[in-house]
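Chain and residue survey
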Amino acid sequence: MNRSLIISSALHALLIFITAMSLPFLAKKPLDVPPVVSVELIQIAEKTNIPFAPKAKKIIEKVKEKEKKLVSEQAPPKKVEKTKTKTVISPDQNNKKVENQTPEAIPLPEKTVKKVETKEEKKQNPDKLDEEVKQVSEFEKDDLFDPNELKAKIDKAKIDSSKQKLKKNNEITQDQDKSVLTGKLTITEEQALQAQIFTCWSIPLGLPYAPEDMLVRIKLSLKPDGSIDDMEMLDHVKMNTPGKERFRTLADSVRRAVQICNPLRVPASGYERWKNIIFNFDASEMLGG
Amino acid sequence: MLKKIILFFIILIPVNAFALIEVDITRGNLDPLPLAVSPLSIDETSRKSFEKILKKENIGSEISNIVENNLKTSGLFNPLDKKAFLQAPDIANLKPRFEDWNLIKAQALITGKVNYVDDKLRVEFRLWDVLAAKEMMALAFTTVPNNWRRVGHIISDKVYERLTGEKGYFDTRIIYVSEEGPKTQRIKKLAIMDQDGANNKFLTLGNELVLTPRFNPASQMVTYLSYFKNMPRVYLLDIETGTQEVVGDFPGMTFAPRFSPDGKKIIMSFAKDGKSDIYTMDLENRIVEKITNHPSIDTSPSYSPDGKYITFNSDRSGYQQIYVMKNDGSDIKRISFGNGLYGTPVWSPRGDLIAFTKLHKGKFYIGVMRTDGSGERLLTENYYQEAPSWSPNGRVLIFYRETKTDSKGEGFSAKLWSIDLTGYNERQIKTPTDASDPSWSSLLSN
């Protein structure tokens, strides 16, 4: 009797455990979440609002204004300049430096470009805000009456904001939640992709209308930054079939379109959803079917 | 047992597996394809040889100019300015530096070289896909040096076909009626030229009035109407040999003879006793067969490409409209129902459309409609224009347009124009004299 009870209890416990594992909220964890840019900036301002330091208050108000601008622009020009000067060594910058360096030490043009690109990417990245905070703190450090206290507060603000940021990043909006769970793109995301391809696709206008040859399907494997890792023409056999030259022409135009659009501007989140994507290029409407 | 139970539950554990996302792309841009036509490279010895023979300083550049001009006039390609090219023609022909061509936004590249071999012109050309960095096509032609223009046209056709998926129309000729003199006393001669207006030649002296020359779709033969002692006669003219023969004298007025698609018959209309009917004549046995029999004016017949149907215009409904019937004259159906008068229907070589001239509220239009009369589209409007003729690929129409005379009776002119099916790419084809009644040949290099 006791044995049966134990087995039954164990199985029930296992069942409850698996049911708990199956609940959808657990599936959300590994998913990418879009950056929430504006929230941290506001919080930083609140945390650095020091009542007994009038000069600091002024400075912070200035920073607040600056932050508002940053929220709308997302790319402060000063900041970009700063990072560029840090990373890129241009020949004009300092001739002496170039002379002193060994040939191996001179950054190759490609590397330089890469460095600049990575910095630019950070414009869209919430991590950048940490640096922004650092900037503010450096700025205040020179002018405030009690620099240590202020620094401590700002550091605390930094930690708090980053914690909150992480928390927020793990949360997802209702819309995204839905699309992520269904594995589909939202209408906005789909339209954004379509709009990009529309501009890149030069339809071969001379192509005579043949209903069976008007659809070309191409599968893309994308990297997280939207660049194409691999592409596969789904009807590649048809492409090389004698008598299907028109289809081949259309398929060629599709391939060119995808290459021109590379890298694609992809949704900020849900890489798993769109890392493999199929584009159905249908020319029948344009070629007057 | 326990293992099975565990396995069962493991299967139940959810896995994040997404179906592949599919995005439909139903629109694209209509901009012409940017491509680079690099001048064909030529070595110094060959260049000097051709300079002597053809009086052309650099035949390689001349041929590439023809290719560039052809592709540009098609409206489907945008040849890029040669000044922007970063790679020299001789090196580009060996191995293009695709980054350089990509930089100037070229999506396709044409390279090649010209050689003087055994008193002949040898031209090699290659078509490259710049984005994919691969060769799409490579061909070579050898011919007599005087054929250099045709080589340019043939290259254009090959490139056009590879990039658009349909046959080109550049290695073709246009026959037309050349007109000179005052409007009341026009001297009309038969003339022929390349589709780009080059190599113009007059085929008749202008002693007799010539009308409606039409190419045989199957060969370089032309049929036309000429008045001999004020009597209309239908002639056949072989363009290659220059031989000419009279098909026959026909009763009353004869109009618009045109070949059947296989070139074995001529279809035309005769006017007699105040009515006009459509007849065919077998060119082998000269047997004439009446196709329509109606107390109205039936004219301008044109065969469908498969030869099974005939389109013509008739005023049997009270107004001139377009009709379609079977090739034996049965099953006549009216297909045009819009406002205005419709005439000169011509069946497209593709078989999908019928081009026509329309007169409505004092304006002339060139338009197209499907063979059942649906989808009517007017491509161009003017004071006076008519007689559309299709390019062999069924994408471009050539027609003639007349201008108004001023109050002094001057300023009249008649010129040839072409327009493609989009209705946007309208161009005048330059002729040394005024011109009317054009007819487009089939491809010479079939």
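Structure's up top.
Residues numbered from 1 in each chain as written. Chains lettered and ligands numbered in written order. Predicted model: local features only at pLDDT ≥ 70, side-chain atom pairs only at ≥ 80, totals over all residues. Heavy atoms only, no water.

Concerning the overall build of chain A
- For chain A, the helix and strand inventory stands at 14 helices and 3 strands.
- Considering only contacts within chain A whose residues lie at least 6 apart along the sequence, 75% involve residues at least 24 apart.
- For chain A, the accessible area works out to roughly 17,800 Å², and carbon and sulfur atoms hold 55% of it. (Helix = DSSP H or I, 4+ residues; strand = E, 2+ residues; numbered from the N terminus. Contact = heavy atoms within 4.5 Å. Areas by Shrake-Rupley, 256 points an atom, 1.4 Å probe, with all protein chains shown as cover.)

Notes on the pairing of strand 2 (residues 33-37) of chain B
All names here are of chain B.
- In terms of burial, strand 2 is a largely internal element, 5 of the 5 residues being buried.
- Side-chain alternation along strand 2 places Leu33, Leu35 and Val37 on one buried face and Pro34 and Ala36 on a second face that is also buried.
- Here strand 2 pairs with strand 4 (residues 77-79) via 3 bridges, running parallel. Within the sheet, the bridge partner assigned to Pro34 lies in strand 4 and is Asn78.
- Across 3 bridges, the pairing between strand 2 and strand 5 (residues 108-117) is parallel. For Val37, the partnering residue across the bridge sits in strand 5 and is Ile110. (Buried < 20%, exposed > 50% of the residue type's maximum accessible area, 1.4 Å probe, protein only. Pairing = 2+ DSSP bridges.)

Notes on unusual backbone geometry
- With an omega dihedral of 0 degrees, the bond running from Asn262 of chain A to Pro263 of chain A counts as a cis peptide bond.
- Relative to the elements of secondary structure, Pro263 of chain A occurs in the loop between helix 13 (245-261) and helix 14 (271-274).
- Positive phi values are uncommon outside glycine, yet Thr212 of chain B reaches one of about 40 degrees.
- By the secondary structure assignment, Thr212 of chain B is in strand 11 (residues 210-215).
- At Arg286 of chain B, a residue that is not glycine, the phi angle is positive and equals roughly 60 degrees.
- One can find Arg286 of chain B in the loop between strand 17 (275-282) and strand 18 (288-290).
- The exposure class assigned to Arg286 of chain B is partly exposed, which follows from its relative accessible area of 30%.

Side note on the interface of chain A and chain B
- Listed per partner, the contact involves 52 residues of chain A and 37 residues of chain B.
- In total, chain A and chain B occlude about 3,900 Å² of area from one another, counting both sides; carbon and sulfur atoms represent 59% of this.
- By the criterion of area lost to chain B, the three top residues of chain A are Phe198, Leu205 and Arg256 of chain A, representing 17% of everything that side buries.
- Inspection of the chain A/chain B interface yields 3 salt bridges.
- Across the chain A-chain B interface, the total number found is 19 residue pairs in polar contact (both at pLDDT 80 or more).
- If you list the elements that add at least two residues to the side of chain A that touches chain B, you get helix 1 (2-22), helix 10 (174-182), helix 11 (187-200), strand 1 (215-222), helix 13, helix 14 and strand 3 (276-282) of chain A.
- Of all the elements, helix 13 of chain A adds the most residues to the side of chain A that touches chain B, at 8 residues.
- Its residues placed into classes, the side of chain A that touches chain B shows 27 nonpolar, 12 polar and 13 charged.
- Where strand 3 of chain A lies against strand 1 (residues 21-25) of chain B, 5 bridges are found, and the strand directions are parallel. (Buried area = accessible area lost by both parts, 1.4 Å probe. Salt bridge = Lys/Arg side-chain N within 4 Å of Asp/Glu carboxyl O. Polar contact = N/O pair within 3.5 Å; in protein donor to acceptor, adjacent residues only side chain to side chain. Nonpolar A, V, L, I, M, F, W, Y, C, P; charged D, E, K, R; others polar.)

Description of the sheet that holds strand 15 (residues 253-259) of chain B
All names here are of chain B.
- Across the sheet, which stays open at both edges, the 4 strands sit in the order 15-16-17-18 with antiparallel pairing between neighbours. Among the strands making up the open sheet, the edge pair consists of strand 15 and strand 18. Adjacent strand axes in the sheet meet at a mean angle of 25 degrees when their direction is disregarded.
- Where strand 15 and strand 16 (residues 265-272) come together, 5 bridges link them in antiparallel fashion. Bridge pairing in strand 16 links Arg258 to Ile267. (Axes fitted to C-alpha atoms, helices over the stretch in contact; angles between N-to-C directions.)

Examining the nonpolar core
- Ranked by size, the top nonpolar core spans 45 residues in total, and within it Ile110, Val114, Ile155, Val159, Leu163 and Leu416 of chain B carry the most contacts.
- Among the elements that take part in this core, helix 6 (residues 148-164) of chain B stands out by supplying 7 residues, more than any other.
- Each of domain 1 (33-164) and domain 2 (173-440) of chain B contributes no fewer than three residues to this core.
- Once residues within four sequence positions are removed from consideration, Ile110 of chain B is found in contact with Leu35, Ala36, Val37, Ser38, Val67, Leu71, Phe125, Arg126, Leu127 and Val159 of chain B.
- Core analysis: the second largest hydrophobic core is formed by 34 residues, Ile228, Val254, Tyr271 and Phe281 of chain A among them. (Core = buried A, V, L, I, M, F, W, Y, C linked by side-chain atoms within 4.5 Å. Domains from an automatic or database assignment.)

Section: the packing of aromatic side chains
Residues and elements named next belong to chain B.
- Under the definition given, this model contains 19 aromatic pairs over all chains.
- Summarising the aromatic geometry, the rings of Tyr169 and Phe170 are spaced 4.6 Å apart at their centres and angled 35 degrees between planes, so their arrangement reads as tilted.
- For Tyr169, a relative accessible area of 4% corresponds to the buried category.
- A connected cluster of aromatic rings, assembled from ring pairs, spans Phe77, Tyr160, Tyr169, Phe170 and Trp440.
- Looking at Arg401, its charged tip hangs above the ring of Trp417, at a distance of 4.6 Å from the centre. (Phe/Tyr/Trp six-rings, centres within 6.5 Å; stacked < 30°, edge-to-face > 60°. Lys NZ or Arg CZ within 6 Å of the ring centre and 35° of its normal.)

A word on the sheet that holds strand 27 (residues 384-390) of chain B
All names here are of chain B.
- Reading across the sheet, the 4 strands line up as 27-28-29-30 and stay open at both edges, with antiparallel pairing between neighbours. Of all the strands in the sheet, the pair left with one neighbour each is strand 27 and strand 30 (426-429). Recorded for the sheet is a direction-independent mean angle of 30 degrees between the axes of neighbouring strands.

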